[in-house]
Amino acid sequence: MKSHLPLLADGTVRGACPHDCPDTCAMLVSVEGGRATRVRGDPEHPVTQGFLCTKVNRYVERTYHPGRILSPMRRIGAKGDGRFEPASWEEAFESIARELRKVIDRHGPEAVLPYSYAGTMGLVQGSSMDRRFFHRLGASLLARTICAAAGTEGWKHTYGDRMGPTPEEVQHSRLVVLWGTNTLTSNPHLWPALRKARERGARLVAIDPIRTRTAVRCDLHLGIRPGTDAALALGMMHVILREQLEDRDYLERYTSGWEQLKSAASEWTPARTAAETGIPAGSIESLAIEYASTRPSFIRLNYGMQRHAGGGMAVRAVSLLPAVTGAWRDLGGGATLSTSGAFPFGSKALERPDWVPTATRTINMIRLGEALTESDAGVGGPPVGALIVYNSNPAAVAPDLRRVRAGLRREDLLTVVLEHFQTDTADYADWILPATTQLEHWDVHGSYGHLYVTLNRPAIEPIGESLPNSEIFRRLARRMGMAEPEFADSDLDLIRQALDSGHPNLEGITLESLLEHGYQRLRVPEPFTPFARPEALNTPSGKIQVLSPALERLGFDPLPSYVPPRERETPIARRFPLTLLSPPEHAFLNSTFVNVPALASAAGEAKLILHPDDASARGIEGGERVRIWNDRGEFLADAVVTEDVSPGVAVSYGVRWARLSLGGATVNDTTSAEETDLGGGAVFYDNAVEVELVTARASRSRPELDGWERELRLRP
Ligand SMILES: Nc1nc2c(c(=O)[nH]1)N[C@H]1C(S)=C(S)[C@@H](COP(=O)(O)OP(=O)(O)OC[C@H]3O[C@@H](n4cnc5c(=O)[nH]c(N)nc54)[C@H](O)[C@@H]3O)O[C@H]1N2
Ligand SMILES: Nc1nc2c(c(=O)[nH]1)N[C@H]1C(S)=C(S)[C@@H](COP(=O)(O)OP(=O)(O)OC[C@H]3O[C@@H](n4cnc5c(=O)[nH]c(N)nc54)[C@H](O)[C@@H]3O)O[C@H]1N2
Ligand SMILES: [Mo]
């Protein structure tokens, strides 16, 4: 599938950044003589505004990286050794189809487990032909919970669909609360809107256990104790109701169960809230009053706060604040977790969920270690006999990595990994299949931080023998004897089906119009104020649910409530007194880009950030190598001592590849595969650890590396 003629006169091809980030940038790719030479942000796009982030500016370097997988690779060493030899696509498909049939003959199709997340957010390469293949096969379903499940569920029980103001509205706000979000790292295209708001007099408040690069640029930083956000939100409601600053009219018209809010918030006096959150009572009082009396006010809550035991309830409680104050009424007011609910793509046509056999089991992706090591995959039914991984690097990003690796080492497990690089996961593959990057394939993208649909055109021919994910699953389906016409749809057909859902938000957005314009705003009101007068929400009552009977039926408090952190409350905390947070590293995108030399040197070795009190109690001054451990595992890092974190909190930004890390282990060797209160999400930050200076005994060197990896390491 060749790209159409480059759209712009100067040899530029219009694309979309594929990465898992709210900004979904419109990307312009310069091509000379068939080779991509540069990517830049589209200057005309209202959110991209002509710039890309630190990482994606290196997309050309990543695409032509010497480590790219250029042909199918067959394992020749022991599992996990990472030794492979090139093979043809014919050999690969022949062998994989034969081995898959063996697994299915022996255990049934549920013994096959797909594993994917958001390596690309594109609908074609992320959730179309792949899903058709697995659904038709009758494979186990995967619950894709690793990132956003708790918050999504908390929001769903409160508002239904995830929507909220975008950067175009937020510039009108007068008070912005960045609540558990490191905007400059993980959502940088919101920053220009915040700058504009500030020029008009807005104040910025950061609520984050870390004084992040974003928090230092705010007017106020409140260093909250991890996992206690619901308590803070309830404490703020307490003050707002006490001062009668609530918007009674909004609550009466648009919410259900609001009469019981007072009882939900009654216990949360400023004193009690302060004791739980670590924020002084006076600061809670003044924040609540400022929040309720400034208009418009906007809360950006991100997914960081929901990677805790009570993450679902935390999102629910915080998200209700603008309903209490009526902030939703204003242009630039309200709260945004995600805007993805505004994109009603044709996923039924793309994925064919109707092909899934009834009673097919579901495996929660965060429990991969358990799924691979228990004889019934941890959920009943056959063991997992075949694992097919694409758009994800579970041996780096999943929690409880020791157990994941133990599973991946199983000799009787068939592991196929579709990848650009030999990642930690690919090290354990029987087959690595070379996948194209965003510069080499078609796709179409929604966004979770704005309201534009973006088309991605291929700018260059596939590198080596790589194929798009869609084409790999198309061919595998044929090999497995699947003759349905749906397996003959081209990538352009798939884009048409994605856009052709019949929903009014997508009216006028077609493949043809996107070929002409590159990106288009959803057909939704401009400005976007989805909860200003919410008449018929996608909730059981049609209203904003202060009270959720559905949650009560699931055994939860039907009112917004506080679910405290888990490990801190158990006896484990005596042995492991520090709470370890591992939020996104500025120079990486999850575990992507860690092998790009410029970004690897920008990030340096893994760090462990500690408060001076915690450091001195352990004889740590800063700069030394430390070991971080708990009962699940351990990793090594270089200590940084600073008051940017509170006592009891430790930080190690992630995610890294074990193979490129000290001691061959990362922070996810210590994280837990337990689940959040709602949604079965990951609790990466509910992680109790201890730290010590490395002694000769504890010190282990990093694994032997050669080729480009060695060079990567030898850089300053
Ligand atoms: N550069 C970069 N950008 C990224 C990513 C990346 O890896 N690198 N990842 C992308 C992905 S996958 C996602 S899901 C998005 C969003 O990813 P998020 O994980 O929401 O990212 P952040 O905005 O960094 O938010 C995390 C912030 O929450 C804080 N935090 C942790 N625990 C708590 C808590 O209990 N309460 C409060 N109030 N704050 C807490 C952390 O200290 C951190 O500053 O970002 C995307 N953008
Ligand atoms: N400790 C800790 N762990 C975390 C987090 C944390 O905050 N702390 N964050 C979590 C979050 S929010 C998330 S979303 C997950 C992210 O987890 P993942 O979605 O697994 O993200 P990545 O690590 O970026 O891995 C994506 C992989 O997909 C590959 N890829 C990209 N495009 C394509 C393509 O077109 N085809 C194929 N076949 N492959 C492609 C990339 O090369 C990369 O190796 O990590 C989670 N892990
Ligand atoms: Mo994520």
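Since the model is a prediction, treat every value here as computed from it, not as a measurement.

Asks: It is not clear to me how the sheet that holds strand 10 (residues 220-222) should be interpreted in this structure. Could you clarify?
Replies: Strand-to-strand pairing in sheets goes through backbone hydrogen bonds, with the strands running parallel or antiparallel. Judged by pairing direction, the sheet is parallel, and its 5 strands sit side by side in the order 10-9-8-12-13 without closing on themselves. With one partner strand each, in any of the chains shown, strand 10 and strand 13 (334-336) form the two edges of the open sheet. Put simply, the sheet's adjacent strands are angled 15° from each other on average, direction ignored. Where strand 8 (residues 175-179) meets strand 12 (residues 297-301), 5 bridges bridge the pair, whose relative direction is parallel. Following the sheet pairing, Leu178 is matched in strand 12 by Arg300. Of the strands in this sheet, strand 8 and strand 9 (203-207) touch helix 9 (residues 229-242), which is tilted by about 150° from strand 8.

Asks: Where do I start with the side chain of Asp208 in this structure?
Replies: Looking at where Asp208 falls in the secondary structure, it is placed in the loop between strand 9 and strand 10. Here Asp208 occupies a buried position and makes no salt bridge, while the nearest side chain of opposite charge, Arg307, is found at 10 Å. Within the structure, the side chain of Asp208 is placed 2.9 Å from the backbone nitrogen of Ile210, a separation counted as a polar contact. With near-sequence residues (within four places) excluded, Asp208 lies in contact with Gly180, Thr181, His221, Leu222, Gly223 and Ile224.

Asks: Looking at this structure, how should I read the site of ligand 1?
Replies: For ligand 1, the set of nearby residues contains 33 residues, the closest of which are Ser186, Asp208, Asp229, Arg307 and Phe588. One of the backbone N or O atoms of Gly180 is found 3.4 Å from an oxygen atom in ligand 1. Asp208 has a polar side-chain atom sitting 2.6 Å from an oxygen atom of ligand 1. The class makeup of the residues in the shell around ligand 1 is 15 nonpolar, 12 polar and 6 charged.

Asks: Sorry if this is basic, but what is going on with the site of ligand 2 here?
Replies: Near ligand 2 lie 31 residues; those nearest to it are Ser392, Glu419, Ser591, Thr592 and Tyr685. Take Arg62: an N or O atom from its side chain is 2.8 Å from an oxygen atom of ligand 2. In the environment of ligand 2, a nitrogen atom lies 2.8 Å from a nitrogen or oxygen atom belonging to the side chain of Asn668. Computed on the free molecule, ligand 2 has an accessible area of 910 Å², of which 97% lies beneath the protein chains in the complex. A per-class count over the shell around ligand 2 returns 12 nonpolar, 15 polar and 4 charged. Built from parts of two domains, the shell around ligand 2 gets at least three residues from each of domain 2 (73-147 + 362-521) and domain 4 (571-710).

Asks: Explanation requested: the sheet that holds strand 18 (residues 443-445) in the structure shown.
Replies: Spatially, the 3 strands line up as an open sheet ordered 18-19-20, and their pairing is antiparallel. Looking along the sheet, the strands with just one partner apiece sit at the ends: strand 18 and strand 20 (519-521). The average undirected angle you get between the axes of adjacent strands in this sheet is 15°. Relative to strand 20, strand 19 (residues 452-456) runs antiparallel, the two sharing 3 bridges. Looking at the pairing, Val453 lines up with Gln520 of strand 20.

Calculation rules
Residues numbered from 1 in each chain as written. Chains lettered and ligands numbered in written order. Predicted model: local features only at pLDDT ≥ 70, side-chain atom pairs only at ≥ 80, totals over all residues. Heavy atoms only, no water. Pairing = 2+ DSSP bridges. Helix = DSSP H or I, 4+ residues; strand = E, 2+ residues; numbered from the N terminus. Axes fitted to C-alpha atoms, helices over the stretch in contact; angles between N-to-C directions. Contact = heavy atoms within 4.5 Å. Buried < 20%, exposed > 50% of the residue type's maximum accessible area, 1.4 Å probe, protein only. Lys, Arg positive; Asp, Glu negative; His and termini not counted. Salt bridge = Lys/Arg side-chain N within 4 Å of Asp/Glu carboxyl O. Polar contact = N/O pair within 3.5 Å; in protein donor to acceptor, adjacent residues only side chain to side chain. Near = heavy atom within 4 Å. Nonpolar A, V, L, I, M, F, W, Y, C, P; charged D, E, K, R; others polar. Areas by Shrake-Rupley, 256 points an atom, 1.4 Å probe, with all protein chains shown as cover. Domains from an automatic or database assignment.

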